[in-house]
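The lines below spell out each chain.
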Amino acid sequence: MSHNILILKGDGIGPEVVDVAVDILKHMGLDLNFSEAKAGYACYQEVGDPIPQTTIAAARAADATLFGAVTTPPDIPNYRSAVVTLRRELDLYANLRPVHSLGLTGGHYREGLDFYVVRENTEGLYIGQEEDFGDYAIAKRLVTKKGSERIVRYAYELARRTGKRKVTVVHKANILRLTDGLFRRTALAVAKEYAEQYGIEVQELLVDTMAMRLIKDPQNFEVIVTTNLFGDILSDEAAELVGGLGVAASGNIGEHGAIFEPVHGSAPDIAGKGIANPFATLLATVMMLQHIGENAAAEHLQAAVAATIRQGTLTPDLGGTANTARVKEQIISNL
């Protein structure tokens, strides 16, 4: 079956790591039709918009989008994040972050981890509604029953699909009694349904306890589901346990669209030097292949990435000496 894949290379090292992924996909001989559109700061400099309507339309029409990395400067009035805009426009309500040990060593790395962080992707504090009153500022936080129910249901369906038996609901309902209170009540209602029908256990933790437990006993988690800001923070913390953002992949998934991207930034300081780490983008590509139903190809690429890491073919940010081209060559060889 043919699939239409949109490529958004972005800024900095984005084009370098996405080109590696596209080259490897072409090497794998899959029936994929690639198209390309523009997004990010370079796009803004060229056309005055970091995410043109033509790009949004192309992402909406594609079976999946592979996104590189973009620069979001903080000092340009009314500048909008390309990624956040796409999430809203396509209603990509679920952010999925796998946390899988890959055989790296050093730092805070922990072996034997295999869990997911599921983050609500369109509500919470990231709706961007802030007011400046001079000596103080106020941000609005939006939590809805609909948004809470569909993200928790997504987490439980993920648990069913992957054979997980426990879902951990994370909140701060003891302090944020209305917003997180609504999220908690809605989540536990969904949890009761899945416990009765499928025997999936529910665990609930306050977000500060969750942050501690991620370090203390991360092996005890299977699927974690939470609101937007909490999920953003916890998923980055979890990534550090398996090697850091250089191996952290992310999926933004909705009912009628999906965008897959590395979690790391655009790293303009190393752009063009040939040492960019493509592993996170390749793991995002694995997620993309799973999403479009190319499961055998996804397993094949995942195994090739894991083998390359175990063999020590690593870029400098992971403690190795290989350049981007060498990593690509080794992954193709392992394929």
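Since the model is a prediction, treat every value here as computed from it, not as a measurement.

Caption draft 1: Broad picture of the overall build of the protein chain. Helices and strands together make up the secondary structure of the protein chain, namely eleven helices and twelve strands. Over its C-alpha atoms the protein chain spans a radius of gyration of 20 Å, differing by no more than 12% from the 20 Å that the globule rule assigns to 335 residues. Counting every position in the protein chain, which comprises 335 residues, the buried fraction comes to 52%. Considering only contacts in the protein chain between residues 6 or more positions apart, those separated by 24 or more positions represent 73%. Surface exposure of the protein chain reaches about 14,900 Å², of which carbon and sulfur atoms provide 50%.

Caption draft 2: Main features of the nonpolar core. In this structure, V118, F279 and I331 are the most contacted members of the largest nonpolar core, which totals 66 residues. Tallying contributions element by element places helix 9 (residues 279–291) first for this core, with eight residues.

Caption draft 3: Seen up close, the packing of helix 3 (residues 53–61) against helix 4 (residues 82–89). Look at helix 3 against helix 4: their axes get within 11 Å of each other, and the N-to-C directions meet at 55 degrees. Here helix 3 is positioned oblique relative to helix 4, judged by the angle of their axes. Every pair of crossing elements has a handedness; the one defined by helix 3 and helix 4 is right-handed. From helix 3, I56, A59 and R60 reach across to helix 4, where they touch T85, L86 and E89. Looking at side-chain class alone, the contact of helix 3 with helix 4 contains three nonpolar, one polar and two charged residues.

Caption draft 4: Structural view of the packing of aromatic side chains. One pass over the full model with this rule turns up seven aromatic pairs. Centroid distance Y93 to Y154: 6.4 Å. Interplanar angle 85 degrees. Geometry classified as edge-to-face. One end of the pair, Y93, is in the loop between helix 4 and strand 4 (94–100); the other, Y154, is in helix 5 (residues 145–162), and 61 residues separate them in sequence. Neither Y93 nor Y154 differs from the other in exposure class; each is buried. The interplanar angle of 15 degrees and the centroid separation of 4.9 Å between the aromatic rings of F133 and Y136 together place this pair among those described as stacked. Each residue in the set Y41, Y44 and Y79 is aromatic and connected to the rest through ring pairs, giving one cluster. Sitting over the face of the ring of F230, R141 holds its NZ or CZ atom 5.6 Å from the ring centroid. The ring centre of Y198 lies 4.0 Å from the NZ or CZ of R160, which sits over that ring.

Caption draft 5: Geometry of helix 1 (residues 14–27). Taking 1.5 Å per residue, 14 residues should reach 20 Å; helix 1 reaches 20 Å between its end C-alpha atoms and fits that length. For helix 1, every residue scored as buried is listed here: G14, V17, V18, V20, A21, V22, I24 and L25. In this structure, the buried side of helix 1 is in contact with strand 1 (3–10), strand 2 (32–37), strand 3 (64–69), helix 9, helix 10 (295–310) and helix 11 (324–334). Count one or two residues on from helix 1 and you reach G29, which has phi positive near 75 degrees.

Caption draft 6: Spotlight on the pattern of salt bridges. The full count for this structure, using the stated rule, is 19 salt bridges. The shortest N-O distance in the salt bridge between D114 and K164 comes to 3.2 Å. Taken together, the residues D114 in strand 5 (residues 114–120) and K164 in the loop between helix 5 and strand 8 (166–171) connect sequence positions 50 residues apart. Judged by relative accessible area, which is 10%, K164 ranks as buried. For E329, the salt bridge is made with R326, and the minimal N-O distance between the two is 3.9 Å. One end of the pair is E329 and the other is R326, both in helix 11 and three residues apart, which spans about a single turn. In this structure E329 comes out as partly exposed when scored by relative accessible area, which is 46%. Judged by relative accessible area, which is 34%, R326 ranks as partly exposed. Connected via shared salt-bridge partners are K9, D19 and E36.

Criteria and cut-off values
Residues numbered from 1 in each chain as written. Predicted model: local features only at pLDDT ≥ 70, side-chain atom pairs only at ≥ 80, totals over all residues. Heavy atoms only, no water. Helix = DSSP H or I, 4+ residues; strand = E, 2+ residues; numbered from the N terminus. Rg over C-alpha atoms; globule rule 2.2 N^0.38 Å. Buried < 20%, exposed > 50% of the residue type's maximum accessible area, 1.4 Å probe, protein only. Contact = heavy atoms within 4.5 Å. Areas by Shrake-Rupley, 256 points an atom, 1.4 Å probe, with all protein chains shown as cover. Core = buried A, V, L, I, M, F, W, Y, C linked by side-chain atoms within 4.5 Å. Axes fitted to C-alpha atoms, helices over the stretch in contact; angles between N-to-C directions. Parallel < 35°, antiparallel > 145°, perpendicular 65-115°, else oblique. Left-handed = near helix turned anticlockwise from the far one by under 90°. Nonpolar A, V, L, I, M, F, W, Y, C, P; charged D, E, K, R; others polar. Phe/Tyr/Trp six-rings, centres within 6.5 Å; stacked < 30°, edge-to-face > 60°. Lys NZ or Arg CZ within 6 Å of the ring centre and 35° of its normal. Expected span 1.5 Å × (residues − 1). Salt bridge = Lys/Arg side-chain N within 4 Å of Asp/Glu carboxyl O.

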